[in-house]
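Fold and contact review
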Amino acid sequence: DGGITQSPKYLFRKEGQNVTLSCEQNLNHDAMYWYRQDPGQGLRLIYYSQIVNDFQKGDIAEGYSVSREKKESFPLTVTSAQKNPTAFYLCATHRQGELFFGEGSRLTVL
Amino acid sequence: SQKIEQNSEALNIQEGKTATLTCNYTNYSPAYLQWYRQDPGRGPVFLLLIRENEKEKRKERLKVTFDTTLKQSLFHITASQPADSATYLCALYTGGFKTIFGAGTRLFVKA
């Protein structure tokens with residue numbers, strides 16, 4: 001089935017550690033996004049990529065990094081510089097006005 | 001400042017009634033507006049898109065209106081069912097590959 005796969009679904013991190021969230025898509029969409037969701041707030045854009053080997057910062061990029069080496073893959077690294085990383089992270093692709101989301105990864109800092 | 005506002009309070013309605021959710025925005029000129037459904041612990045799922053030159057869009061039991069003068073969209077679910085219980089997100093596409101989301105409204109449909 002076509003779709004977006006995020007892994008892991010749940011992740012625990014100790015303070016000071018970097019962690020990488022995986023996002024893979026087989027929809028053949030060019031644009032990919034990472035959003036962060038916190039309770040009571042709208043989804044906030046971290047990074048987005050329109051094509052391979054190119055990406056742009058969103059509204060809350062500090063403390064995060066991404067790469068786009070393949071069309072299918074857009075991993076997000078949450079670095080130790082991110083002061084409040086506990087959140088629900090959503091990866092998405094975009095086509096003709098519609099965003100297609102993965103099932104999300106919930107990161108908890110211990 | 002730019003804002004998207006959705007009712008933060010949950011909406012409780014009886015099965016069979018029409019649910020109406022509101023999305024208000026300020027300081028945006030969106031090309032189009034979208035509504036998504038999100039279940040707990042899951043990613044949002046696209047429901048409907050309405051363009052700035054459209055007043056109304058329907059899909060099965062769903063209806064969306066878009067008033068660019070009032071800067072408001074209304075989302076209706078007719079003949080609501082308990083399975084419609086979820087959080088509904090309003091989103092504006094402002095151009096440049098950027099979509100801005102509201103915080104969502106939680107809907108509970110009681111049998």
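Our structure's up above, just so we're on the same page.
Everything numeric here is computed off the predicted structure, so don't read it as measured data.

A short note on the overall build of chain A
Along its length, chain A carries zero helices and 11 strands. For chain A, the succession of helices and strands along the chain, N to C, is β-β-β-β-β-β-β-β-β-β-β. Relative to the globule expectation of 13 Å for 110 residues, the C-alpha radius of gyration of chain A, 13 Å, shows essentially globular dimensions. Counting only C-alpha atoms and orienting by the principal axes, one finds that chain A spans roughly 40 × 25 × 25 Å.

Description of the pattern of salt bridges
This model, assessed by the stated rule, comprises 10 salt bridges over all chains. With a closest N to O distance of 3.3 Å, A:Asp30 and A:Lys71 form a salt bridge. With A:Asp30 in the loop between β3 (19–25) and β4 (31–37) and A:Lys71 in the loop between β7 (64–66) and β8 (76–78), this residue pair connects regions lying 41 residues apart in the sequence. Exposure remark for A:Asp30: the relative accessible area of 44% places this residue in the partly exposed category. Measuring nitrogen to oxygen at the nearest pair gives 3.1 Å for the salt bridge that ties B:Lys98 to A:Asp59. Of the two residues, B:Lys98 is situated in strand β10 (residues 98–101) and A:Asp59 in the loop between β6 (54–57) and β7; the pairing between them involves two chains. Using a relative accessible area of 24% as the deciding quantity, one classes B:Lys98 as partly exposed. Overlapping salt bridges bring together A:Arg36, A:Asp38 and A:Arg44 as one network.

Some details on unusual backbone geometry
Residues and elements named next belong to chain A. Omega for the peptide link from Ser-7 to Pro-8 comes to -10°, which places this bond in the cis form. Relative to the helices and strands, Pro-8 resides in the loop between β1 (4–7) and β2 (10–13). Positive phi is not limited to glycine here, since Asn-28 has a value of about 65°. By secondary structure assignment, the location of Asn-28 is in the loop between β3 and β4. Residue Asn-28 is classed as exposed on the basis of its relative accessible area of 56%.

Concerning the interface of chain A and chain B
Contacts between the two partners involve 23 residues from chain A, matched on the other side by 19 residues from chain B. Across the interface of chain A and chain B, roughly 1,700 Å² is buried in total on both sides, 53% from carbon and sulfur atoms. The interface formed by chain A and chain B includes two salt bridges. Put simply, chain A and chain B have seven residue pairs in polar contact (both at pLDDT 80 or more) between them. Listed by contribution, the elements that provide at least two residues to the side of chain A that touches chain B are β4, β5 (44–51), β9 (87–95) and β10 (98–101) of chain A. Counting residues per element, the side of chain A that touches chain B draws most heavily on β4(A), at four residues.

A closer look at the pairing of β1(A)
Each regular strand shows side chains that alternate between the opposite faces of the sheet. Residues and elements named next belong to chain A. Where burial is concerned, the two faces of β1 differ: the one with Ile-4 and Gln-6 is buried and the one with Thr-5 and Ser-7 is not. Taken together, the four bridges between β1 and β3 define a ladder with antiparallel strand orientation. Each residue of the ladder has a partner; that of Ser-7, found in β3, is Ser-22.

Structural notes on the sheet that holds β7(A)
Residue and element names in this part refer to chain A. If you walk across this open sheet you meet the four strands as β1-β3-β8-β7, and the pairing is antiparallel. Edge positions in the sheet fall to β1 and β7, since each has one partner strand and no second. Strand after strand, the sheet turns through a mean of 20° between neighbouring axes, direction not considered.

Rules and cut-offs
Residues numbered from 1 in each chain as written. Chains lettered and ligands numbered in written order. Predicted model: local features only at pLDDT ≥ 70, side-chain atom pairs only at ≥ 80, totals over all residues. Heavy atoms only, no water. Helix = DSSP H or I, 4+ residues; strand = E, 2+ residues; numbered from the N terminus. Rg over C-alpha atoms; globule rule 2.2 N^0.38 Å. Salt bridge = Lys/Arg side-chain N within 4 Å of Asp/Glu carboxyl O. Buried < 20%, exposed > 50% of the residue type's maximum accessible area, 1.4 Å probe, protein only. Contact = heavy atoms within 4.5 Å. Buried area = accessible area lost by both parts, 1.4 Å probe. Polar contact = N/O pair within 3.5 Å; in protein donor to acceptor, adjacent residues only side chain to side chain. Pairing = 2+ DSSP bridges. Axes fitted to C-alpha atoms, helices over the stretch in contact; angles between N-to-C directions.

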